[in-house]
Amino acid sequence: MKKDVNTMRISSVIGLYFSPTGTTRTLVTAAAEQAAQTLGVPCRLISLNTPAERETEFHFSADTLVIVGAPTYAGRLPNKISPDLRRILHGSGSPAVALVTYGNRAYENALAELFRVLTDGGMKPAAGAVCVCQHSIARALAVGRPNEEDCAEVRRFAAEVAERIQADEIVLSPAVPGDADSSYYVPTGTSGKPAKFLKSAPQTDPEKCDGCGRCAALCPMGSISSKDPSVVSGICIKCQACILGCPRGAKFFDDEQFLSHARMLEQKFAGIHKENEFYL
């Protein structure tokens, strides 16, 4: 672990996030704004939620502190999103912070994988954070998180990272748990057997849907038709953006194996308080 992160003064902080339901965005925003405030530099926030937003390639200079956030899906980064992160995020020795979130089950290898993505993109991971957020599928897990205390923790972490960079005391690529090459977690149902719901997709209640198209705009895969929101023609990553974002509660899942997995998570992990973790 080297201490040779840029001696150049940081001139800006950029926070980027893939956050279909908004919780990862909340934490990346807190971290980026606090780091920028500590360093006395401008802050910019960038959403990578939609296919259109992931078309642009970003090239960060060595005097930019980059904070990248993503949720954990089955113990790793979302498998349909991580290739996009690799394709669009590029640095020239830019110091970077990896922030992953998870829904109170386990983050397993997600942080190690995000470190690998940043390193392969030419950035220098200087710190990592793992934060608990309300589960997108099993809503009884980590209810209300991130809360004010979680955000305050993240701000203190970001301030410390910024201060260490200013003092040229940051350690590059700190050791983080996990294996970036590990396989994905296999979801199970209440029976303990694997729950197979890869092809399941959200359904639409025609009595509630008014065709506003919000679900189509929110879908990170662009799979929901804007003309007919009941049509899901592409991949569904089960992110729940359409479910939680529908103002009329018209979207839902009815796949029994999917619902069994959600019930299993709530049976095993609801009521457990997990702490955020920080690596410097």
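Before reading on, note that the structure itself is shown above.
It should be emphasised that the depicted structure is a prediction, and the values quoted were computed from it without experimental measurement.

About the thresholds
- Counting starts from 1 at the beginning of each chain's written sequence and moves along it residue by residue.
- Totals for whole chains, interfaces and linings use every residue, but because this is a predicted model, local features are given only for residues with pLDDT of at least 70 and side-chain atom pairs only at 80 or more, for both listing and counting.
- The side-chain numbers reported here are obtained from all heavy atoms of the structure, hydrogens and water having been left aside.
- Helix and strand definitions follow DSSP, with helices as H or I runs of at least four residues and strands as E runs of at least two, each counted in order from the N terminus.
- Only protein chains enter the accessibility calculation, which uses a 1.4 Å probe; a residue whose area is less than 20% of its type maximum is buried, one above 50% is exposed, and one in between is partly exposed.
- We call two N or O atoms a polar contact when they sit within 3.5 Å, provided that within protein one can donate a hydrogen and the other can accept it, with sequence-adjacent residues counted only if both atoms are side-chain atoms.
- When checking whether two residues touch, look at their non-hydrogen atoms; a contact exists if any pair is within 4.5 Å.
- The axes used here are C-alpha line fits, helices contributing only the stretch in contact, and every angle between their N-to-C directions lies in the interval 0 to 180 degrees.
- Each angle gets one of four labels, with under 35 degrees taken as roughly parallel, over 145 as roughly antiparallel, 65 to 115 as roughly perpendicular, and the rest as oblique.
- What makes a crossing left-handed is the near helix being turned counterclockwise from the far one by less than a right angle; a clockwise turn instead makes it right-handed.
- By the convention adopted, Pro, Cys, Tyr, Trp, Phe, Met, Ile, Leu, Val and Ala count as nonpolar, Lys, Arg, Asp and Glu as charged, and the other residues, Gly among them, as polar.
- Each residue after the first adds 1.5 Å to the expected span of a helix.
- Pairing between strands is defined by DSSP: at least two bridges between them are needed.

Secondary-structure assignment places Ser47 in strand 2 (residues 43-47). A relative accessible area of 15% means that Ser47 is categorised as buried. Here Asn49 takes part through its backbone nitrogen, which lies 3.2 Å from a polar atom of the side chain of Ser47. Of note is the side chain of Ser47, whose polar atom sits 2.8 Å from the side chain of Glu53. Ignoring any residue separated from it by four or fewer positions in sequence, one finds Ser47 in contact with Tyr17 and Glu53.

Attention now goes to the packing of helix 1 (residues 23-39) against helix 4 (residues 148-166). As a packed pair, helix 1 and helix 4 sit with axes 8 Å apart at the nearest point and diverge in direction by 40 degrees. Comparing the axis directions of helix 1 and helix 4 gives the class oblique. The chirality of how helix 1 crosses helix 4 is right-handed. Two secondary-structure elements touch here, helix 1 through Thr26, Leu27, Ala30, Ala31, Gln34, Ala35, Thr38 and Leu39 and helix 4 through Asp150, Cys151, Val154, Arg155, Ala158, Ala159, Ala162, Glu163 and Gln166. Tallied by class, the residues present in the contact of helix 1 with helix 4 amount to 10 nonpolar, four polar and three charged.

Attention now goes to helix 7 (residues 256-269). Between its first and last C-alpha atoms helix 7 spans 20 Å; for 14 residues at 1.5 Å apiece the expected length is 20 Å, and the two agree. Listed in full, the buried residues belonging to helix 7 are Phe258, Ser260, His261, Ala262, Met264, Leu265 and Phe269. If you check the start of helix 7, you find a side-chain oxygen 3.0 Å away from the backbone N of Gln257, and it comes from Asp255. Looking at the residues trailing helix 7, positive phi occurs at Gly271, about 85 degrees.

Attention now moves to the sheet that holds strand 2. Read across the sheet, six strands follow the order 2-1-4-6-7-10 without closing on themselves; strand pairing throughout is mixed. Edge strands, defined here as strands with exactly one partner in the open sheet, are strand 2 and strand 10 (277-279). Strand-to-strand, the axes of this sheet are offset by a mean angle of 15 degrees, without reference to chain direction. Contacts between helix 1 and the sheet are confined to strand 1 (12-17), strand 2, strand 4 (64-71), strand 6 (94-102) and strand 7 (123-132), with strand 4 contributing the most and set at about 165 degrees to the helix.

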